[in-house]
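# A structural walkthrough
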Amino acid sequence: MKHIMIVLALSFAASLAFAKDIPVDMGGKTITVKATTTNREIVAKDMGTGDQKTPLGCSLLYYSRLSKGDIAEASNLSTAPKATAEKWEKYRERTGVAEFKKDMAAYFTSKNVVLAELTLDEAVMLVVKTADYTAGQIYVKQNDKWLMAESLKTEAGTAFGKILSKI
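Read on for a plain summary of the structure. Just so you know, these numbers come straight off a predicted model, no measurement behind them.

Let's shift gears to the packing of aromatic side chains. Enumeration over the complete set of coordinates arrives at six aromatic pairs. Each ring, one from W88 and one from Y91, has its centre 5.9 Å from the other, and the planes form 85°; the classification is edge-to-face. With W88 and Y91 both in helix 4 (residues 81–95) and three residues apart, this pair spans about one turn of that helix. Its relative accessible area of 22% is what places Y91 among the partly exposed residues.

Given below as structure tokens:
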């Protein structure tokens, strides 16, 4: 199964290199998601960097704060700070503070790769390949700043979910 996921992810990444747009059927209506291939590895020197000027910058800042154990500050980079804080606090309670920080720092040291950036309106999904799976991180732009979307119940969120499910 792991090999199948890797082949699908690589095929998806290769198809993005040739396609600028991805059509998505939304129940009889086709919408177009813009795709940009990035193939950018997240590395240790990215830890402690980031900003809210781009979705990737927000991702780096978000996980940098979590790697320091600063759940409150990371949660402020989310569209739902309270729910985000509760989620990470529960995780930290299960793992312990040291393991939590180690797990969050692994975002920068596990050879994670941002394969692509998918865009629809004011929403972006970073397609991130980890050692074990491919995930989507969704960001929305609010007041000229990017925030991690705790959930996105919009056309963009549905379209991103359909694309990610094909990987």
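What follows picks up the thread again.
Attention now moves to the pattern of salt bridges. Under the criterion given, the structure shown has five salt bridges. Between K34 and D21 there is a salt bridge whose closest N-O contact spans 3.6 Å. Here the residue K34 occupies a position in strand 2 (residues 30–41), and D21 occupies one in strand 1 (residues 21–25), the gap between them amounting to 13 residues. Accessibility expressed as a relative area gives 38% for D21, which makes it partly exposed. Measuring nitrogen to oxygen at the nearest pair gives 2.8 Å for the salt bridge that ties R40 to D46. By relative accessible area, which is 6% here, D46 ends up buried.

Cut-offs and rules
Residues numbered from 1 in each chain as written. Predicted model: local features only at pLDDT ≥ 70, side-chain atom pairs only at ≥ 80, totals over all residues. Heavy atoms only, no water. Phe/Tyr/Trp six-rings, centres within 6.5 Å; stacked < 30°, edge-to-face > 60°. Helix = DSSP H or I, 4+ residues; strand = E, 2+ residues; numbered from the N terminus. Buried < 20%, exposed > 50% of the residue type's maximum accessible area, 1.4 Å probe, protein only. Salt bridge = Lys/Arg side-chain N within 4 Å of Asp/Glu carboxyl O.

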